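Listed below, chain by chain, are the residues.
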Amino acid sequence: MKEKLEAAKAVLEKHGQEQLLANYEKLSENDKDKLLDDILTIDFNQLEKLYEKRNFKQVYSEAEIEPISYVEKDKMSKEEREKYDEIGTKAIKAGKLAAVTMAGGQGTRLGHNGPKGTFDIGLESHKPIFELLCETLKLANEKYGVVIPWYIMTSKENNKDTVDFFEKNNYFGYPKGYIQFFKQGELPMVGEDGKVLLDEKGMIKQAADGHGGIFTSMRKDGVIYDMKARGIEWVFIGGVDNVLVKMVDPTLIGLAESKGILAAGKSVVKAGPHEKVGVFCKRNGRPSVIEYSEISKEMAEETDENGQLKYGESHILCNLFNIKEIEKISEKNLPYHSAHKKATYMNEKGEIVKGTEPNAYKFEAFLFDAFESLDDMVIMRVKREEEFAPVKNAEGVDSPETARKLYQDFWKTK
Ligand code: UTP
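Note that this is a predicted model, so its numbers are computed, not measured.

Enquirer: How would you summarise the overall build of the protein chain if you had to cite specific residues and measurements?
Expert: Along its length, the protein chain carries 13 helices and 18 strands. Relative to the globule expectation of 22 Å for 414 residues, the C-alpha radius of gyration of the protein chain, 22 Å, shows essentially globular dimensions. For the protein chain, the spread of C-alpha atoms along the principal axes amounts to about 75 × 50 × 40 Å. For the protein chain, the proportion of its 414 residues judged to be buried stands at 51%. Within the protein chain, residue pairs in contact and separated by at least 24 positions form 76% of the contacts whose partners lie at least 6 positions apart. Surface exposure of the protein chain reaches about 19800 Å², of which carbon and sulfur atoms provide 47%. Here the protein chain carries 62 positive and 71 negative side-chain charges, and the mean point of each set is 2 Å from the other.

Put into structure tokens, the structure is as follows:
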């Protein structure tokens, strides 16, 4: 251990990160060892580069960005719709679809103590989000006479709580062999001054590395292998925090399959030019999502000949990929973006500092950065009130209250 400690000290000195050992003596022997292991495996060069670029905001010009074409589900002709539904239904019935729920986020805005999927949005039944999602899969299983494998991505931080919650609730009646959890990667958080933070226990403060981490995690945790062994061809990937997420959609599968395109995304119409959402577009000729912070005011407000926003297809984190594409993407590393977040950490004096304002940086990869490696992508516009009820904030927009109302209205009419 002495040698390890010396090696860790040398690394920290080289990178000006000596604060990480300031509370070392107070740790248990096991934690001391773990901390040293972490220090010796952290890529400090990568963190330094990410920190340097923390305030970098890209703004794109018209030359690089163009609108992407989309198909509106509601405006398909009867023949088209039947054709796509038939193709998609056949694939689902043949057991070729799997669903993935990304539940590795920290949910800091919601502020719920526990994984977001365990949150009760206040329905009369008090069913937690995981159960609401599970129910839609059960309905689909009944309808198509199959059991759709359900993969749930957690983070190191919330994996145990998530698995325990499913165990405690008897997997909400879903066949246990068809639910599989896998963990995404994480990266250390750094403070305003670029110093890596310690968590409340005095260990490295790590945070999930963004939903873009999904592809490499699927490969590393054997999820791709498992899917292939089960004969899966199409994989729906959605977030845990949309209580109307439609994971089983034959139209989307049929549309992609009939066009021979290996990836698809659902969009809803942007509520207004300045709604804070990312929108689908083409960037240098390839599918992409442009964030609200990256688009110029002019481009955000631009309309087409029908008066519709040119960049009006909001990305709602509802995507479908052919397994072949997932395999390809999983071989690449997606870029990291920085997010300024509130963090609670231990300072050099061993005191706990609770951030009431953003006080730290977290580095995240975005799932949609993967789109740029696709040759093409099918975008299907769906109705917001049928498929998008996000739970992001504790109050106001996209809160449990708005999601509950959308959920109730939708199921009332079913
Ligand atoms: P958000 O980007 O809304 O982040 O995630 P969040 O962590 O849930 O919430 P805030 O920003 O801290 O308040 C959108 C979806 O992506 C998943 C989330 O669980 C959610 O379903 N996600 C996000 C991950 O699975 N891993 C991540 O590292 C980040």
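That covers the picture; the talk isn't over yet.
Enquirer: Explain the environment of Gln106 to me, using residue names and the numbers behind them.
Expert: Along the chain, Gln106 turns up in the loop between β3 (97–102) and α5 (129–144). Residue Gln106 is classed as partly exposed on the basis of its relative accessible area of 25%. Taking C-alpha positions, Gln106 is 25 Å from Phe321, a pair spaced 215 residues apart along the chain. Setting aside anything within four residues of it in sequence, one finds Gln106 in contact with Glu157, Ala207 and Lys362. A polar atom in the side chain of Gln106 sits 3.2 Å from the side chain of Lys362.

Enquirer: Account for helix α13 (residues 400–412), with residues named and values stated.
Expert: For α13, which comprises 13 residues, the first-to-last C-alpha distance of 18 Å matches the rise-based estimate of 18 Å (1.5 Å per residue) to within 8%. Along α13, the positions that sit buried rather than exposed are Pro400, Ala403, Tyr407 and Phe410. Each buried residue of α13 sits inside an arc of 100° when the element is viewed along its axis, so together they form one side. Facing away from the buried surface of α13 by more than 90 degrees, the exposed residues are Glu401 and Lys412. Buried residues in α13 make contact with α5 and α12 (384–387).

Enquirer: Help me get a handle on the site of the ligand, residues and values and all.
Expert: Around the ligand, 20 residues are found, and the nearest of them are Met102, Gln106, Thr108, Gln184 and Lys392. Between Gln106 and the ligand, the recorded distance is 2.8 Å, taken from a backbone N or O atom to an oxygen atom. Its free accessible area being 560 Å², the ligand has 93% of it covered by the protein chains.

Enquirer: So, a negative patch on the surface: which residues are in play, and what are the values?
Expert: Together, Glu13, Glu18, Glu192, Asp193 and Glu348 line one region of the surface with negative charge. The topology assignment puts Glu348 in the loop between β15 (344–346) and β16 (352–354).

Enquirer: Tell me about the pairing of β3, residues and numbers included.
Expert: With six of its six residues buried, β3 lies for the most part within the structure. Where β3 lies against strand β9 (residues 234–239), six bridges are found, and the strand directions are parallel. Directly across from Thr101, in β9, lies its bridge partner Gly238. In this region the chain leaves β3, passes through α5 and returns to the parallel neighbour strand β4 (residues 150–154); the handedness of that crossover is right-handed.

Enquirer: Any chance you could break down unusual backbone geometry for me, citing the residues and the numbers?
Expert: Its identity as a non-glycine residue notwithstanding, Tyr171 has a phi of 55°, on the positive side. Of note, Tyr171 is situated in the loop between α6 (159–168) and β5 (179–183). Despite not being glycine, Asp398 has its phi angle at roughly 50°, a positive value. Topologically, Asp398 is positioned in the loop between α12 and α13. Overall, Asp398 belongs to the partly exposed group, its relative accessible area being 32%.

Enquirer: Report on the side chain of Glu387, specifying residues and quantitative values.
Expert: Within the fold, Glu387 resides in helix α12. Setting aside residues no more than four positions away along its own chain, Glu387 makes contact with Lys73, Asn242, Leu244, Val245, Lys246, Asp249, Lys266, Ile316 and Val382.

Enquirer: Residues and numbers for the packing of helix α1 (residues 2–15) against helix α2 (residues 29–41), please.
Expert: A packed helix pair is summarised by two numbers, namely the angle formed by the two axes and the spacing between the axes. Running from N to C, α1 and α2 point in directions that differ by 40°, and their axes come no closer than 9 Å. One way to sum up the angle between α1 and α2 is to call them oblique. For the crossing formed where α1 meets α2, the hand is left-handed. Of α2, the residues touching α1 (which contributes Lys4, Leu5, Ala7, Ala8, Val11 and Leu12) are Asp33, Leu36, Asp37, Ile39 and Leu40. Among the residues forming the contact of α1 with α2, the class breakdown is eight nonpolar, no polar and three charged.

So, how was this worked out
- Residues numbered from 1 in each chain as written.
- Predicted model: local features only at pLDDT ≥ 70, side-chain atom pairs only at ≥ 80, totals over all residues.
- Heavy atoms only, no water.
- Helix = DSSP H or I, 4+ residues; strand = E, 2+ residues; numbered from the N terminus.
- Rg over C-alpha atoms; globule rule 2.2 N^0.38 Å.
- Buried < 20%, exposed > 50% of the residue type's maximum accessible area, 1.4 Å probe, protein only.
- Contact = heavy atoms within 4.5 Å.
- Areas by Shrake-Rupley, 256 points an atom, 1.4 Å probe, with all protein chains shown as cover.
- Lys, Arg positive; Asp, Glu negative; His and termini not counted.
- Charge placed at Lys NZ, Arg CZ, Asp CG, Glu CD.
- Polar contact = N/O pair within 3.5 Å; in protein donor to acceptor, adjacent residues only side chain to side chain.
- Expected span 1.5 Å × (residues − 1).
- Arc of directions from axis to C-beta.
- Near = heavy atom within 4 Å.
- Patch = residues over 30% accessible without salt bridge, like charges linked within 9 Å, V, L, I, M, F, W, Y side chains within 5 Å.
- Salt bridge = Lys/Arg side-chain N within 4 Å of Asp/Glu carboxyl O.
- Pairing = 2+ DSSP bridges.
- Right-handed = clockwise from strand over helix to strand, strands pointing away.
- Axes fitted to C-alpha atoms, helices over the stretch in contact; angles between N-to-C directions.
- Parallel < 35°, antiparallel > 145°, perpendicular 65-115°, else oblique.
- Left-handed = near helix turned anticlockwise from the far one by under 90°.
- Nonpolar A, V, L, I, M, F, W, Y, C, P; charged D, E, K, R; others polar.

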